[in-house]
Amino acid sequence: MLEFNNVTKRYADGTPAVKNLDLKIEKGEFVCFIGPSGCGKTTTMKMVNRLIDITDGDIRFDDKSIKDQNPVELRRSIGYVIQQIGLMPHMTIKENIVLVGTLLKWPKEKKEQRARELLKLVDMPEEYLDKYPHELSGGQQQRIGVLRALASNPPLILMDEPFGALDPITRDSLQEEFKKLQKELDKTIVFVTHDMDEALKLADRVVIMRDGEVVQADTPDEILRNP
Ligand code: ADP
Ligand code: ADP
């Protein structure tokens with residue numbers, strides 16, 4: 001589904017953010033990237049959806065080099081959730097969830113139906129569809145951010161510290177909810193965190209990064225046995 005072949009990223013100022021990354025992610029896998037701040041996790045995600053260019057090497061998505069794929073099409077196939085989800089403040093929750101539908105000019109009924117269908121996936125009643133982001137708690141807003149990334153039904157979802165800004169209790173419940181959701185949806189997920197507990201709880205495979213390099217990539221069980 002997603003393959004990194006000897007991927008290196010150096011920023012314009014010379015910072016080597018990612019070095020010789022080699023990794024293959026299978027369809028349906030839930031992979032957590034973990035490591036201290038500055039180790040190259042966000043840079044890796046941004047290369048995948050072409051928000052930044054790769055310096056060396058290649059990333060393949062669905063067996064095609066991402067360089068040969070139209071960036072707009074690519075981003076439609078790759079959901080992206082970040083910590084600062086940035087819901088549109090003047091749009092209702094419904095409009096925020098199906099933002100992609102507006103860009104793709106879906107008919108009104110299709111947007112309506114898709115928003116309802118998606119909201120059912122999380123523990124929020126339907127009346128929230130007509131509310132505005134400021135009327136929601138942080139945890140609820142973050143749920144909407146996840147739904148927004150699912151709206152175009154992308155096979156791959158990148159999540160960069162999606163629950164990082166939440167209090168521990170809300171965070172725990174969102175992790176549980178999301179893990180269940182992931183099983184139902186059968187998506188491939190690449191999840192960035194700096195919290196080992198979160199990684200061990202969620203992932204099929206944990207990729208540990210340090211200074212731009214992968215130092216270990218194993219199942220949670222293997223990581224616990226050989227830390
Ligand atoms: P690229 O060309 O690979 O997208 P650039 O090196 O041109 O990346 O930087 C993109 C932006 O990020 C620039 O506006 C730059 O000022 C800013 N930036 C520079 N250094 C850092 C840093 N250490 N962390 C975050 N952003 C940075
Ligand atoms: P993480 O997500 O693991 O915290 P990042 O991928 O954001 O790490 O950053 C990796 C390295 O690249 C860090 O040294 C960071 O300062 C640097 N960096 C990030 N963005 C830029 C940029 N736009 N320009 C220059 N350096 C950057």
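A quick note: this is a predicted structure, and the numbers were derived from the prediction, not measured.

Conventions we followed
Residues numbered from 1 in each chain as written. Chains lettered and ligands numbered in written order. Predicted model: local features only at pLDDT ≥ 70, side-chain atom pairs only at ≥ 80, totals over all residues. Heavy atoms only, no water. Near = heavy atom within 4 Å. Polar contact = N/O pair within 3.5 Å; in protein donor to acceptor, adjacent residues only side chain to side chain. Areas by Shrake-Rupley, 256 points an atom, 1.4 Å probe, with all protein chains shown as cover. Helix = DSSP H or I, 4+ residues; strand = E, 2+ residues; numbered from the N terminus. Nonpolar A, V, L, I, M, F, W, Y, C, P; charged D, E, K, R; others polar. pLDDT = per-residue confidence, 0-100. Expected span 1.5 Å × (residues − 1). Buried < 20%, exposed > 50% of the residue type's maximum accessible area, 1.4 Å probe, protein only. Arc of directions from axis to C-beta. Contact = heavy atoms within 4.5 Å. Phe/Tyr/Trp six-rings, centres within 6.5 Å; stacked < 30°, edge-to-face > 60°.

A. Geometry of the site of ligand 2. If you check the shell around ligand 2, you find Tyr 11, Asp 13, Thr 15, Ala 17, Pro 36, Ser 37, Gly 38, Cys 39, Gly 40, Lys 41, Thr 42 and Thr 43 and nothing else. The backbone of Cys 39 places a nitrogen or oxygen atom 3.1 Å from an oxygen atom of ligand 2. The separation between an oxygen atom of ligand 2 and a polar side-chain atom of Thr 43 is 2.5 Å. Summarising the interface, the protein chains cover 61% of the accessible area of ligand 2, which totals 560 Å² for the free molecule. Element by element, the count of residues in the shell around ligand 2 is highest for helix H1 (residues 41-48), at three residues. Taken together, the residues of the shell around ligand 2 break down into four nonpolar, six polar and two charged.

B. Structural context of the confidence of the model for the protein. Mean pLDDT for the protein: 92, with 100% of residues reaching 70 or above. Scored as a complex, the prediction yields pTM 0.84 and ipTM 0.69.

C. Representation of helix H5 (residues 108-119) in the model. Between its first and last C-alpha atoms H5 spans 17 Å; for twelve residues at 1.5 Å apiece the expected length is 16 Å, and the two agree. The complete set of buried residues in H5 reads Arg 114, Ala 115, Leu 118 and Leu 119. Taken around the axis of H5, the buried residues stretch over an arc of 125°, which confines them to a single face. Along H5, the residues that are exposed and aim more than 90 degrees away from the buried face are Glu 109 and Gln 113. Buried residues in H5 make contact with helix H3 (93-97) and helix H6 (138-150).

D. Structural detail: the packing of aromatic side chains. By the definition in use, this model includes five aromatic pairs. Seen in terms of ring centroids, Phe 30 and Phe 178 are 6.0 Å apart; in terms of plane orientation they differ by 80°. Their pairing is edge-to-face. You can see Phe 30 sitting in strand S3 (residues 30-34) and its partner Phe 178 sitting in helix H7 (residues 168-185), a full 148 residues away along the chain. Its relative accessible area of 0% is what places Phe 30 among the buried residues. Take Phe 178: its relative accessible area is 6%, and that puts it in the buried class. Judged by centre distance (6.5 Å) and plane angle (40°), the rings of Phe 178 and Phe 191 are tilted. With Phe 178 in helix H7 and Phe 191 in strand S8 (residues 188-193), this pair connects stretches of sequence that are 13 residues apart. In this structure Phe 191 comes out as buried when scored by relative accessible area, which is 0%.

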